[in-house]
Structure formats: C-alpha cells, structure tokens
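# Notes for the structure review
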Amino acid sequence: MLRQGNLWIYRIPSRPNDRTRSFYHPELAAQVWGRARARVLHGPSSLGGYTSGALTVDPSTLIGIQGDAIYTTKLPAWSLPDRFIGGGDDGKTGRLRLQGYLNGSFITPETLRQRDALKARAERAGIAKALEQAEEKG
C-alpha cells in the first residue's frame, strides 16, 4: 500500500502463466511508437519515397512537432490532396495531411497553450482557404 497525497494506492501483483506471458511484448508498442515518430520526421507521400514530414520543410518555418502534428508558418505542398500540383496526400492510411490553415501574420506562439489556441483556430477555419490558394497557383 502506498499513499499519494490524499489517495491510497493498492497494488496486487498478478501471477503470469504461460498463456499471459505469451502476450507480453512491450517491444512491439515501442516499435509502433518509434516508427510513428520517425514518419512525422520523414514519411511517405504520393509524390514517391519519403517526401513528407518535418525534415522536408524549411527549418525556419517549423514552429513545432507534437505527436503526429507538424506546425509550420508556411503550407507544405505535400500536405495538400494529390489532385493539386505538388500535393502528396492521396488519402492512404498513414499520410500526413492538412488539418487546419490560417493565412496572415501571427505572433509566434511561445507556449504550448498559445500554440494549442492557434491550432484550434486553424482547425475551426478548416482547409478551404489553403485549397483555394492551391487552385489559384496551379
């Protein structure tokens, strides 16, 4: 029994048997986590090979990475649907895709709270403006 603040924690160890031991593979979870993080850095797109991710954007435009989200100050072409010139999102599972877009000048967020507020604003705005600008270019 362990006390944490006002709470008491009881731990009852289980006794693994041969059947439950066969399901215990923490290395699989670590592998999935690691591969997901690697794909955020350098992942596949419909443009071929590893043509999307944080390592493919101008470093001066990268605001941050959180989980499978990349925050940039410039719209990466590979985040657009592949019907646009340079678009790399063909809708397949595992592709990085545009979730929200804001056009204009903004103060660079200095905290996670500020970045999350900007993210929420971008998601509410949607991607229509980004698609409209992509159509005008090509």
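Cut-offs used in this document
- Residues numbered from 1 in each chain as written.
- Predicted model: local features only at pLDDT ≥ 70, side-chain atom pairs only at ≥ 80, totals over all residues.
- Heavy atoms only, no water.
- Salt bridge = Lys/Arg side-chain N within 4 Å of Asp/Glu carboxyl O.
- Buried < 20%, exposed > 50% of the residue type's maximum accessible area, 1.4 Å probe, protein only.
- Helix = DSSP H or I, 4+ residues; strand = E, 2+ residues; numbered from the N terminus.
- Contact = heavy atoms within 4.5 Å.
- Patch = residues over 30% accessible without salt bridge, like charges linked within 9 Å, V, L, I, M, F, W, Y side chains within 5 Å.
- Areas by Shrake-Rupley, 256 points an atom, 1.4 Å probe, with all protein chains shown as cover.
- Core = buried A, V, L, I, M, F, W, Y, C linked by side-chain atoms within 4.5 Å.
- Expected span 1.5 Å × (residues − 1).
- Pairing = 2+ DSSP bridges.
- Polar contact = N/O pair within 3.5 Å; in protein donor to acceptor, adjacent residues only side chain to side chain.

Moving on to the pattern of salt bridges. Scanning the entire structure with this criterion turns up four salt bridges. The closest approach of N and O atoms between Asp89 and Arg97, which form a salt bridge, is 3.0 Å. What makes Asp89 buried here is its relative accessible area of 11%.

The next point concerns the environment of Val40. Locating Val40 in the fold gives a position in helix 2 (residues 26-41). What makes Val40 buried here is its relative accessible area of 3%. When the C-alpha positions of Val40 and Ile65 are compared, they lie 8.2 Å apart, and in sequence the two are 25 residues distant. Ignoring anything within four residues of it in the chain, the contact list for Val40 reads Gly53, Ala54, Ile65, Gly67, Asp68, Ile70 and Leu96.

Here we take up a nonpolar patch on the surface. Taken together, the side chains of Leu41, Leu55, Leu62 and Ile65 make up a nonpolar region of the molecular surface, amounting to roughly 330 Å² of accessible area. Mapped onto the elements of the fold, Leu62 is located in strand 3 (residues 62-66).

Most often, soluble globular proteins keep nonpolar side chains buried together rather than apart. Of all hydrophobic cores here, the largest spans seven residues; its members are Leu80, Phe84, Leu98, Tyr101, Ala130, Leu131 and Ala134. Leave out the neighbours within four places in its chain, and Leu131 touches Leu80, Pro81, Arg83 and Phe84.

A few words now on the environment of Asp58. Residue position: Asp58 is located in the loop between helix 2 and strand 3. The exposure class assigned to Asp58 is partly exposed, which follows from its relative accessible area of 44%. Each C-alpha atom of the pair Asp58 and Gln99 lies 19 Å from the other, and the pair is 41 residues apart in sequence.

Here the focus is helix 3 (residues 112-125). Taking 1.5 Å per residue, 14 residues should reach 20 Å; helix 3 reaches 20 Å between its end C-alpha atoms and fits that length. Once helix 3 ends, the next one or two residues include Gly126, with phi positive near 80°.

Successive residues of a regular strand alternate their side chains across the two faces of the sheet. Strand direction decides the pairing type here: strand 3 and strand 4 (residues 69-72), joined by four bridges, are antiparallel. When the bridges of strand 4 are listed, Ile65 appears paired with Ile70. Turn length for the strand 3-strand 4 hairpin, with the two strands adjacent in sequence and antiparallel, is two residues, and the turn residue Gly67 shows positive phi of about 60°.

As a further point, take the side chain of Ser52. Among the secondary structure elements, Ser52 is positioned in the loop between helix 2 and strand 3. Here Ser52 falls in the buried class, since its relative accessible area comes to 2%. In this structure the side chain of Ser52 is engaged in a polar contact, spanning 3.3 Å, whose partner is the backbone oxygen of Pro44. Not counting the four nearest positions on each side in its chain, Ser52 is found in contact with Leu41, His42, Gly43, Pro44, Ser45, Trp78 and Leu96.

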